[in-house]
Amino acid sequence: MEKHLTQVEKQFLSFSSQMKEMNTKIPYIIVENFPKLGFLSALRFLEWVDRNPDGVISLPTGKTPEYFIKWTKYIIDNFENAKTQELLIKNGLNLTKKPDLSGLRFVQIDEFFPIDSSQHNSFLHYVKAFYIKGFGLDIKNALLMDANEIPLNETGTSTLKEVFPDSKVDLSLRYRTPETTLELKQQEAIFQIDKWCADYEKKIRDLGGIGFFLGGIGPDGHIAFNTRGSDHFSTTRLTETNFETQAVAAGDLGGIEISKNRLVITIGLGTITYNKDAVAIIFAAGEAKAKIVKHSLESTPSNLFPATVLHQLKMARFYVTAGAASLLEDELYRLYNTGEWTHARTERAVIELCQKLDKFGSRLTLDDLKGDPYCRLIPNLSEHTVEAVQNSIMAKIDKGMEPESHETYYHTGPHHDDVMLGILPHVHRLLRDETNHAEFSIMTSGFTAVTNSFITKTLEFTKELLEQGLIQMVRFPDFFTTGFKYKWDKDVYHFLSAVASENHYEQERGLSHRVIRAIIDIYGSQSTEQLFFQINEILSILRVSYDGQKNPAKIQKLKGMVREFEEELVWAHFGVRVKNVHHLRLGFYTGDIFTEQPEKGRDVEPILQQLRDIKPTVLSLALDPEGSGPDTHYKVLQATAAAVRLWAEEKDLSAFRIWGYRNVWYRFRPSEADVMVPVSLNAMATLDASFKHCYLTQVEASFPSYMHNGMFSTLAQKIWVEQMEQLYLLLGKDFFYQNESPRLRASHGMVFFREMNVETFLKEARRLEKSMEGISV
């Protein structure tokens, strides 16, 4: 396979410790993290462009290509710079002239339908902003999917709003008789769209097909919008999507309520592979993609795994992180043959074999493993090996049960609910010791997780209360000048008292109290009349906003302050005051498709100052060193690492502990975790109730995980149970239900996290930081 690798790919392969002789159906290259995937893809793209200046390209949309776009622009804009030249040569790209992309012909991959193409969340808008304008492409050479320009009847006079007033398209009209005049119009429109798709496909093939295709891979394995089950000979078409794809698209469209009713126009798998000399690159980051990467690279071609269609292209590639490649047979053999087996690696292998055995009843023995051919991968496997792994797991559980006292915890989360979903059972138990002190800090405003419909409903209710004179606090003479700044704890107590009495009306009223304070704080309202005016103005803006549209800054702040109230409600369950729940609102978080890189003064200094003020002995944070989860996670990780690095220059941190947790986006294997915390049914009930009662904006799960169509708390519980089941495989269920410890007898789930010293943490964070140096938004 190496004979087909380009110079750039050979160079990156030489940097990687992976197998050089690959046994997969498609070659793959492993890099350290998500930003590095973008760097490699940019170099390979420019390498191809240098040889194909008028070639046909098809590039992805969404957050996945962030660093591909940034690195491509950086290299072009700084091509003459000596540092850039050194960087290119070091990484295998030796260009004699500055890349010129103006002669390339561009093919848009996909688009939501129906959608007004002028909206900023349409893929056409993205393509025009980042590729046509950003890369300097000629729009005359582009095949674009402009939904506003697709004819919906023979004369082309019908509009999307007229034909699809509720933005829903019923594809059964392809086959059934229309029952109304509107359905008759819709049927004609669907046939016209099908014709347009066929014409689009023909135009691509008239160009000779796509020469360079770059794309991500969805959780179900989808490429473009070719979801699991797509025909390998499929062409450009209007089609439905599945839940996994709808969940991923929810962020673009303003919620799952919208994305589940949208169809898509997508090029087909047959479109991508029409040109047999095409370069087709798929990039994937993180262990969440490991299973689909394994199936895509090792399985025989199947419509269950859309990427297996790429087996027929000799220039197809997968660029992946180590986590995404972790289940490949090649990687297991590499570890076995290169002597890189560590205790953690052995622990992982033994547990994975247990999972294959599906043995839950009793404690694992060597004889259980010997029946599986994969046991040959584990060097020097013996009863002692199995016992050592079991002892290691038990030691981690013991560590998770150790009491702590006189500690100061600084729990941080990139988003509201991250700490809860990651380590709530551990935080709760430690707070029972009153000698411990905890402070919570949410790093970003989180306004993108609040739908327009939620805020509209809340403001309408607040108006009703004001009109009925049921908000007494606005009657105080100093309320609009200074009074609104005080008694924020009272709002929290009011709300939770209503939770206790199951009074939903008073809960909504408690939320309205906080919303009023927030509006006065943001807009400076000086009277009840001005408050009414401001509420009406916000409602007017929201009524004319499309779902997924970026809100004005003040409405973003209002949404963010609702999320902040939610976080205060959660921790008040455990006696934490409002003043000990901090809202940093770091400036890199803007609501744009690509958020900015963290800056020292704006994003690092606020964290550093809190470290100085709080003087914690333990810091908890979301740990995603490959950058494979939401981009907010790894950007907060960068800012926090920079703050810890600076604090270490001022203070002796030799005893400082850092807890790295993961939650619904990314999880630890048992072998990766240092600490395992037993979770009882009581702890699960606490999670469920506090999430349901406090995270008001999240109960409807408008922005769900692709793994679960419902609340994040339910998914977190599911993960804790699955992690417990991994330990059943190794230790047996009887280890728990017959244990001397009542905590273990009561446990039905397990939280995993890592405990690190400063040096270990900074080393991991630095690898991610280095891969983003030199580029800016």
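See the structure printed just above.
Predicted model, so just to flag it, every value in this text is computed and none were measured.

Per the stated rule, a full pass over the model turns up 35 aromatic pairs. For the ring pair Y131 and F135, a centre distance of 5.3 Å and an interplane angle of 65 degrees mean the geometry is edge-to-face. Neither Y131 nor F135 differs from the other in exposure class; each is buried. With 5.1 Å between their ring centres and 25 degrees between their planes, W196 and Y200 make a pair best called stacked. Taken together, the positions of W196 and Y200, both in helix α7 (residues 181-206) and four residues apart, correspond to about one turn of that helix. Note on accessibility: W196 and Y200 belong to one class, buried.

Within a regular beta strand, the side chains point alternately toward one face of the sheet and then the other, so they alternate between its two faces. With seven of seven residues buried, strand β10 (residues 315-321) is to be regarded as a mostly interior element. Burial along β10 is two-sided: the residues M315, R317, Y319 and T321 and A316, F318 and V320 are all buried. The sheet contact formed by strand β9 (residues 279-284) and β10 spans six bridges and is parallel. Of the residues in β10, the one forming a bridge with F283 is Y319. The β-α-β motif built from β9, the intervening helix α11 (residues 290-298) and the parallel element β10 has right-handed crossover chirality.

Now for helix α2 (residues 34-51). Compared with an ideal rise of 1.5 Å per residue, which puts 18 residues at 26 Å, α2 spans 27 Å between its outermost C-alpha atoms and is within 8% of the ideal. Most of α2 sits out of view: 15 of its 18 residues are buried. At the N-terminal boundary of α2, the capping side chain belongs to N33, with an oxygen 3.1 Å from the backbone nitrogen of K36.

Here we take up the sheet that holds strand β6 (residues 212-216). Read from one edge of the open sheet, seven strands run β1-β10-β9-β6-β2-β3-β5, paired in parallel fashion. The open sheet terminates on both sides in strands that have one partner only, identified here as β1 (28-31) and β5 (142-143).

Let us look at the packing of helix α18 (residues 488-500) against helix α19 (residues 504-523). Working note: a packed helix pair is described by the angle between its axes plus the distance between those axes. Interaxial distance between α18 and α19 falls to 8 Å at its minimum, and their mutual angle equals 165 degrees. Here α19 runs roughly antiparallel to α18, going by the angle between their axes. Two packed elements cross with a definite hand, and for α18 against α19 that hand is left-handed. Packed against α18, whose contacting residues are W488, D491, V492, H494, F495, A498 and V499, the element α19 presents E506, Q507, R509, G510, L511, H513, R514 and R517 at the interface.

Right, let's talk about the pairing of strand β16 (residues 675-680) for a bit. Here β16 lies mainly inside the structure; five of its six residues are buried. Across six bridges, β16 lies against strand β17 (residues 747-756) in antiparallel orientation. Across the sheet, residue P678 finds its bridge partner in β17, namely M750.

The next thing to look at is the nonpolar core. Membership of the largest hydrophobic core comes to 77 residues, with the highest contact counts inside it found for F440, I516, I519, L531 and W571. With residues up to four places along the chain from it excluded, the contact list for I519 reads L459, G524, S525, L531, Q534, I535, I538 and L558. Within the second largest apolar cluster, 65 residues are counted, among which are L13, V264, A280 and I292.

Mapped onto the secondary structure, G560 falls in helix α21 (residues 553-572). Classification of G560 by relative accessible area gives buried; the value is 0%. Distance in space between the C-alpha atoms of G560 and E47 is 43 Å, their sequence separation being 513 residues. Each residue touching G560, except ones within four places of it in the same chain, is listed here: S445 and F447.

In space, the three strands of this open sheet follow the order β4-β8-β7, with antiparallel pairing throughout. The sheet terminates laterally at β4 (110-113) and β7 (237-239), the two strands that pair on one side only. On average, each strand axis in the sheet is inclined to that of its neighbour by 25 degrees, with strand direction left out of account. Against the sheet, α7 engages β4, β7 and β8 (263-266), with an angle of about 135 degrees to β7.

Moving on, we come to empty space enclosed by the protein. In the structure shown here, the tally under the stated rule is six cavities of 30 Å³ or more. Approximately 90 Å³ is the volume found for the largest cavity. The wall of the largest cavity is formed by 14 residues, among which R662, N663, I719, W720 and Q723 lie closest to the centre. Of all the elements in the fold, those that place two or more residues in the lining of the largest cavity are α16 (418-431), α25 (712-731) and β17. Ranked by the residues each element gives to the lining of the largest cavity, the list is headed by α25, at four residues. Taken together, the residues of the lining of the largest cavity break down into nine nonpolar, three polar and two charged.

Glancing now at the pattern of salt bridges. Considering all chains together, one arrives at 43 salt bridges under this definition. A salt bridge links E9 to R317, with the shortest nitrogen-to-oxygen separation between them at 3.1 Å. Taken together, the residues E9 in helix α1 (residues 7-15) and R317 in strand β10 connect sequence positions 308 residues apart. Across the pair, R317 and E9 agree in class, each one buried. Among the ionic pairs, K692 bridges to D688, the shortest N-O distance being 3.1 Å. Linking K692 with D688, this pair stays in helix α24 (residues 681-694), spanning four residues, or about one helical turn. Of the residues examined, D688 reaches a relative accessible area of 25% and is grouped as partly exposed. Several salt bridges converge on common partners, so that one network encompasses K63, E66, K70, D631 and K635.

Rules of the game
- Residues numbered from 1 in each chain as written.
- Predicted model: local features only at pLDDT ≥ 70, side-chain atom pairs only at ≥ 80, totals over all residues.
- Heavy atoms only, no water.
- Phe/Tyr/Trp six-rings, centres within 6.5 Å; stacked < 30°, edge-to-face > 60°.
- Buried < 20%, exposed > 50% of the residue type's maximum accessible area, 1.4 Å probe, protein only.
- Helix = DSSP H or I, 4+ residues; strand = E, 2+ residues; numbered from the N terminus.
- Pairing = 2+ DSSP bridges.
- Right-handed = clockwise from strand over helix to strand, strands pointing away.
- Expected span 1.5 Å × (residues − 1).
- Polar contact = N/O pair within 3.5 Å; in protein donor to acceptor, adjacent residues only side chain to side chain.
- Axes fitted to C-alpha atoms, helices over the stretch in contact; angles between N-to-C directions.
- Parallel < 35°, antiparallel > 145°, perpendicular 65-115°, else oblique.
- Left-handed = near helix turned anticlockwise from the far one by under 90°.
- Contact = heavy atoms within 4.5 Å.
- Core = buried A, V, L, I, M, F, W, Y, C linked by side-chain atoms within 4.5 Å.
- 1 Å grid on protein atoms, 1.4 Å probe; cavity = no way out; pocket = protein on both sides within 12 Å on 5 of 7 lines; lining within 4 Å.
- Points joined across faces, edges and corners; volume = space filled by probe spheres on them.
- Nonpolar A, V, L, I, M, F, W, Y, C, P; charged D, E, K, R; others polar.
- Salt bridge = Lys/Arg side-chain N within 4 Å of Asp/Glu carboxyl O.

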